[in-house]
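Residue-level structure breakdown
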Amino acid sequence: MFGAGGGTSAYREIEETDLIVLWGSNARETHPIFFHHLLKGKQAGARMFAIDPRRTSSVAWADVWMGLEVGSDVALANAIGREIIAAGLCNTAFIERATSGFEEYKAAVEPYTLEHGEKLTGVKADAIRDLAHSYARADRAQVCWTLGITEHHNAVDNVFAIINLSLLTGHIGRFGSGLVPLRGQNNVQGGGDMGALPNKFVGGQDVEDPELRAMFEREYGRPLLEKRGWHLSEMFDAMEKGDLRAVYVLGENPMQSEADAKRTRRLLEGLDHLVVQDIFLTKTAEVADVVLPAAASWCESEGTVTSSERRVQRVRKALDPPGQARDDIEILAALARRLGTDWGAPTAAAVWEEVRRLSPWHGGMSYARLEALNGLQWPCPTDDHPGSPTLHTRLWDDPVTGPRAPFEVVHHAPPVDELTEDFPLRLTTGRRLDSYNTGVQTGGYTSPLRHGERIELSPEDAERLQMVPGEVVRIVSRRGSVEAPVKIDPGLRPGLTFMTLHFPDDVETNILTIDAVDPRSGTAEFKAAAVRVEKISVAPAAEPVGASTAERTR
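Residues numbered from 1 in each chain as written. Predicted model: local features only at pLDDT ≥ 70, side-chain atom pairs only at ≥ 80, totals over all residues. Heavy atoms only, no water.

1. Considerations on the side chain of Thr438
- Mapping Thr438 onto the fold places it in the loop between strand 16 (425–430) and strand 17 (455–457).
- A distance of 3.2 Å separates a polar atom in the side chain of Thr438 from a polar atom in the side chain of Asn253.
- In contact with Thr438, not counting residues within four places along its chain, are Asn253, Gln256, Ser257, Leu501, His502 and Pro504. (Helix = DSSP H or I, 4+ residues; strand = E, 2+ residues; numbered from the N terminus. Polar contact = N/O pair within 3.5 Å; in protein donor to acceptor, adjacent residues only side chain to side chain. Contact = heavy atoms within 4.5 Å.)

What follows is the structure in structure tokens.
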């Protein structure tokens, strides 16, 4: 909607805002560094709403918890928007000057009354009204979200629904007011910025734009494809059809990270040729035809990383990679030679200069400036540009500079995996503080917080199912089943269960998840599987040692 795939605000802004909306994010455990910035905002007096199906450890710092039904985010956002309009709290001057499509949006959200919003989301009408009025009246407000918004079959609609609220109130393009999608892994932002997306060149430039493509063709001295490539979910669909027969995986473990793990395993094992480049022998690497051992980029390579606030920072080599491991750039250059193109021996500095030539976001970011200024935030187009802590300030120009920001009409669409008598419980997945994704990087280290995988049940569901803590049970979805011990979590409402993906060697949670995919982002619906939980034993095992972070902060 704004033409740039990055958060609008610097971390410092949440320290000086008046209202924080933490939506679909347990940032206390999954983004702990950012959460320290958030807590500074709380300590300075900011009011905080936490929107999450679970009463997570982050909720301990919230003034209001809004425990919505999984997958009802669009309905909640539309109800908030409708209430802002009905109460006459819109920023009319901003809407008229800087946006388009308001009348269509207004008509679309009209049915989402507070009462209808409560029916769809499970959030009380009074709480929806409170958030709507508080957000609209705040001088400065920040909305932060993570995978609780984006790991759904309608992920893009969820994001659009939140952006609509910022346009409705003018909470965009000003210091302290913005939209903050938190990146879940180091340099996720940088990977996208560097063109590791099927529809973008470096610097967020459209691969299907003929003028932009011509610039890259001149740089590389050869024609480029006119159409975007496949995103990850489309790649698996292409494997299914036989259109994709060879895959090169760099620093990823799709064998254990993708939804519907049985299908993923079948497709990866059925390829003609699989290459994995990684610092670990992952489960994906174990079935590869070729494994290329890579350097650990954070300490064995030169280069840059980009954080969620769009800050580009230098990475410096401290160690030589062990054994036969080689720097990623060295591996790729060697492969290019085998394929008939000699890149010579490119260094990280030389690659970065290419980025600066081609990307308008990064043109002013020399290594010297990055080191002297502790990083710079894109866009930073020239050597005398200070960087851009806050994006889209142009929307406050009068008249507005550049295109207007459009409202997008979106409507509620429930999760694809329906709850039925056979599958009456909603399973949502996420991360915990002590572990990381599929456990490749954290599983080899001990932690007093770590307890292995469990199926977390509400006290009401545990009583109804006659299950006790530590009892091993079977969790069944339409795609398969796994076994795991029970953990009773008072932060869960009846009908909601929770698991992580951290221990797939012991409990392969992604056997249960559904690969219903958002058509625009390619993201699978990891947050909304339908399951049942069955008893398989009588005598309970001992309760695992150590309480979770959420328990200790209640």
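Structure's up, so let's keep going.
2. Let's talk about the packing of aromatic side chains
- Inspection of the entire model under this criterion finds eight aromatic pairs.
- Ring centres of Tyr105 and Phe407 lie 5.0 Å apart, and the angle between their planes is 25°; on these two criteria the pair is classed as stacked. On the criterion of sequence distance, the pair formed by Tyr105 in helix 6 (residues 102–109) and Phe407 in the loop between strand 15 (405–406) and strand 16 is long-range, its members being 302 residues apart.
- Under the relative-accessibility criterion, Tyr105 is labelled buried at 1%.
- Residue classification places Phe407 among the buried residues on the basis of a relative accessible area of 7%.
- Between Phe216 and Tyr220 the ring centres are 6.2 Å apart and the planes differ by 45°, which places this aromatic pair in the tilted class. Here Tyr220 and Phe216 lie together in helix 12 (residues 210–220), a separation of four residues that amounts to about one turn.
- In this structure Phe216 comes out as buried when scored by relative accessible area, which is 1%.
- Of the residues examined, Tyr220 reaches a relative accessible area of 36% and is grouped as partly exposed.
- What links up through ring pairs into an aromatic cluster is the set Phe102, Tyr105 and Phe407.
- Over the aromatic face of Phe498 sits the side chain of Arg54, whose NZ or CZ is 3.6 Å from the ring centroid. (Phe/Tyr/Trp six-rings, centres within 6.5 Å; stacked < 30°, edge-to-face > 60°. Buried < 20%, exposed > 50% of the residue type's maximum accessible area, 1.4 Å probe, protein only. Lys NZ or Arg CZ within 6 Å of the ring centre and 35° of its normal.)

3. With respect to the pairing of strand 13 (residues 311–315)
- Judged by how many residues are buried, strand 13 sits mostly within the fold: four of five residues are covered.
- Alignment of strand 12 (residues 303–306) against strand 13, held across four bridges, turns out to be antiparallel. Bridge pairing in strand 13 places Gly303 opposite Val315.
- In sequence, strand 12 turns back onto strand 13 through a hairpin of four residues, with Arg310 there showing a positive phi of about 70°.
- In terms of strand pairing, strand 13 meets strand 14 (residues 376–377) through two bridges, oriented antiparallel. Bridge pairing in strand 14 places Val312 opposite Leu376. (Pairing = 2+ DSSP bridges.)

4. Let's talk about the pattern of salt bridges
- All told, the structure shown has 36 salt bridges when counted by the stated rule.
- The closest approach of N and O atoms between Arg12 and Glu16, which form a salt bridge, is 2.7 Å.
- Looking at Glu16, the relative accessible area reads 29%, which means it is partly exposed.
- Asp515 serves as the salt-bridge partner of Arg263, at 3.1 Å between the closest nitrogen and oxygen. Residue Arg263 is found in helix 15 (residues 261–269), and its partner Asp515 is found in the loop between strand 20 (496–500) and strand 21 (529–535); the two are separated by 252 residues along the sequence.
- For Asp515, a relative accessible area of 26% gives the class partly exposed.
- Here the salt bridges share partners, and the residues they tie into one network are Asp237, Glu240, Arg263, Arg266 and Asp515. (Salt bridge = Lys/Arg side-chain N within 4 Å of Asp/Glu carboxyl O.)

5. Looking at a nonpolar patch on the surface
- Together, Tyr248, Leu250, Leu332, Leu335, Leu339 and Trp343 give the surface a local cluster of nonpolar side chains, amounting to about 580 Å² of exposed area.
- Taken together, the elements giving at least two residues each to the nonpolar patch come down to strand 9 (246–250) and helix 18 (328–338).
- Structurally, Leu332 can be placed in helix 18. (Patch = residues over 30% accessible without salt bridge, like charges linked within 9 Å, V, L, I, M, F, W, Y side chains within 5 Å. Areas by Shrake-Rupley, 256 points an atom, 1.4 Å probe, with all protein chains shown as cover.)

6. Regarding the nonpolar core
- If you look at the biggest cluster of nonpolar residues, it comprises 55 residues, and the most contacted ones within it are Trp23, Met66, Ile80, Ile84, Tyr135 and Leu168.
- Excluding residues within four positions of it along the chain, Trp23 makes contact with Ile51, Asp73, Leu76, Ala77, Ile80, Val143, Cys144, Trp145, Thr146, Ile149, Ile162 and Leu165.
- In terms of nonpolar packing, the next biggest core, distinct from the first, is built from 20 residues, Leu457, Ala484, Met499 and Val507 among them. (Core = buried A, V, L, I, M, F, W, Y, C linked by side-chain atoms within 4.5 Å.)

7. Structural notes on the environment of Glu110
- Along the chain, Glu110 turns up in the loop between helix 6 and helix 7 (114–121).
- Here Arg82 takes part through its side chain, which lies 2.8 Å from a polar atom of the side chain of Glu110.

8. Some words on the domain arrangement of the protein
- One can read the domain layout of the protein as domain 1 (11–181), domain 2 (188–377) and domain 3 (425–535).
- Its C-alpha centre places domain 2 at a distance of 31 Å from the equivalent point of domain 3.
- In this assembly, 16 residues from domain 2 lie in contact with 20 residues from domain 3.
- Roughly 1400 Å² is buried in total at the junction of domain 2 and domain 3, and carbon and sulfur atoms are behind 54% of that figure.
- When residues of domain 2 are sorted by the area they lose upon contact with domain 3, Gln256, Ala259 and Asp260 head the list and together hold 35% of the total.
- Taken together, the links from domain 2 to domain 3 amount to two salt bridges.
- Between Glu508 and Arg265 there is a salt bridge whose closest N-O contact spans 2.7 Å. (Domains from an automatic or database assignment. Buried area = accessible area lost by both parts, 1.4 Å probe.)

9. Structural notes on the packing of helix 4 (residues 73–86) against helix 8 (residues 125–137)
- Running from N to C, helix 4 and helix 8 point in directions that differ by 60°, and their axes come no closer than 9 Å. Between helix 4 and helix 8, the interaxial angle falls into the category oblique. The interaxial crossing formed by helix 4 with helix 8 has right-handed handedness. Residue-level contacts link Leu76, Ala79, Ile80, Glu83 and Ile84 of helix 4 to Ile128, Arg129, Leu131, Ala132, His133, Tyr135 and Ala136 of helix 8.
- A class-by-class count of the residues in the contact of helix 4 with helix 8 yields nine nonpolar, one polar and two charged. (Axes fitted to C-alpha atoms, helices over the stretch in contact; angles between N-to-C directions. Parallel < 35°, antiparallel > 145°, perpendicular 65-115°, else oblique. Left-handed = near helix turned anticlockwise from the far one by under 90°. Nonpolar A, V, L, I, M, F, W, Y, C, P; charged D, E, K, R; others polar.)

10. Section: the sheet that holds strand 9
- Reading across the sheet, the three strands line up as 9-10-11 and stay open at both edges, with parallel pairing between neighbours. A single partner strand is all that each edge strand has here, and the edge strands are strand 9 and strand 11 (290–293). Taken pair by pair, the neighbouring strands of this sheet meet at an average axis angle of 10°, ignoring direction.
- With five bridges connecting them, strand 9 and strand 10 (residues 273–278) associate as parallel partners. Note that in strand 10 the partner of Leu250 across the bridge is Gln277.

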